[in-house]
Every structure is written in structure tokens, then in C-alpha cells.
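# Close look at the chain arrangement
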Amino acid sequence: MDNFSKQDVTTGYNDLQQAQVSIQSAQKMIGTATMSMSPQQLSEATEALANARTELEAAHANATGVDEEFLQKCMADLKACEQQLTEAKQ
């Protein structure tokens, strides 16, 4: 079986769509983790949140200017996720 690096994979998503999918995935993981309060799930949710932030930063770096409203919504969603996860860890 061949091994492929992340750069070799083409998903059909652009940076904005990939950021949105990453944020939605993090939202779901955080929701599940905060309901169960499992240390492992909280850790995985924290990692998903970091990945989503990285995806969003990459999308922001490549933004055309017309994407600003979309990026602001994504940032707000990401901040809500961070707040929910922070409160769960306290």
C-alpha cells in the first residue's frame, strides 16, 4: 500500500471550506467531550480545536478580501468552541 503525505491528498475543498469543516468537526467533538467529561475526549477535542485554528489561520492568510464576513463568522464559532472547552476543563 502506498503512503501519501497530507500535501498529496486533494479533497476538492478550498481553504475556506476546509476551515469550516475543521471548525464543525471541532464543535461536534467539543460537544461530545463536554457531555462525557472524559479526559481523553477533552484532550482530543483540544487537539481538534488547535487543528481548526490552524486551518482557519491558513484560510485567513490566503483570503481575497471578499471572504471577510465568512472568516469573521468562523472566528466567532472558534471562539465559542474555545470558551465551551475552557469552561468544561475548569
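Residues numbered from 1 in each chain as written. Predicted model: local features only at pLDDT ≥ 70, side-chain atom pairs only at ≥ 80, totals over all residues. Heavy atoms only, no water.

### Things to note about the overall build of the chain
When helices and strands are counted, the chain shows three helices and zero strands. Reading the chain from its N terminus to its C terminus gives the helix and strand order α-α-α. Put simply, the chain has 90 residues, and 26% of those count as buried. Considering only contacts in the chain between residues 6 or more positions apart, those separated by 24 or more positions represent 65%. (Helix = DSSP H or I, 4+ residues; strand = E, 2+ residues; numbered from the N terminus. Buried < 20%, exposed > 50% of the residue type's maximum accessible area, 1.4 Å probe, protein only. Contact = heavy atoms within 4.5 Å.)

### Remarks on helix α1 (residues 15–36)
Under the 1.5 Å per step criterion, the end-to-end length of α1 is 32 Å for 22 residues, consistent within 8% with the ideal 32 Å. Two or three places before Leu16, at the start of α1, stands the capping residue Asn14, its side-chain oxygen 3.0 Å from that residue's backbone nitrogen. Once α1 ends, the next one or two residues include Met37, with phi positive near 60°. (Expected span 1.5 Å × (residues − 1). Polar contact = N/O pair within 3.5 Å; in protein donor to acceptor, adjacent residues only side chain to side chain.)

### Brief notes about the packing of α1 against helix α3 (residues 68–89)
Two numbers describe how α1 lies on α3: the axes approach to 10 Å, and their chain directions differ by 20°. In terms of their interaxial angle, α1 and α3 are classed as roughly parallel. As α1 packs across α3, the resulting crossing turns out to be left-handed. Contacts between α1 and α3 involve Leu16, Gln20, Ile23, Gln27, Ile30, Gly31 and Thr34 from the former and Phe70, Leu71, Cys74, Asp77, Leu78, Cys81, Gln84, Leu85 and Ala88 from the latter. (Axes fitted to C-alpha atoms, helices over the stretch in contact; angles between N-to-C directions. Parallel < 35°, antiparallel > 145°, perpendicular 65-115°, else oblique. Left-handed = near helix turned anticlockwise from the far one by under 90°.)

### Focus: the nonpolar core
Counting residues in hydrophobic clusters, the biggest one holds 19 residues, and the most contacted among them are Ile23, Ile30, Leu49, Leu56, Leu78 and Leu85. Taken together, the elements giving at least two residues each to this core come down to α1, α2 (39–61) and α3. If one sorts the elements of this core by residue count, α2 sits on top with seven residues. (Core = buried A, V, L, I, M, F, W, Y, C linked by side-chain atoms within 4.5 Å.)

### Quick notes on α2
With 23 residues, α2 should reach 33 Å at 1.5 Å per residue; the first-to-last C-alpha distance of 33 Å fits that figure. Each element contacted by the buried residues of α2 is listed here: α1 and α3.

### Structural notes on the packing of α1 against α2
In contact at an axis separation of 8 Å, α1 and α2 are set at 160° when each is read in the N-to-C sense. Looking at the two axes, α1 sits roughly antiparallel to α2. Crossing handedness for the pair α1 and α2: left-handed.

### Considering the environment of Met37
Mapped onto the elements, Met37 comes out in the loop between α1 and α2. Since its relative accessible area comes to 39%, Met37 is described here as partly exposed. Sequence-wise, Met37 and Lys89 are 52 residues apart; in three dimensions their C-alpha atoms are separated by 8.4 Å. If we skip the residues at most four places from it in the chain, Met37 touches Leu42 and Ala88.

Read these as layout, nothing more, since geometry by itself doesn't imply function.
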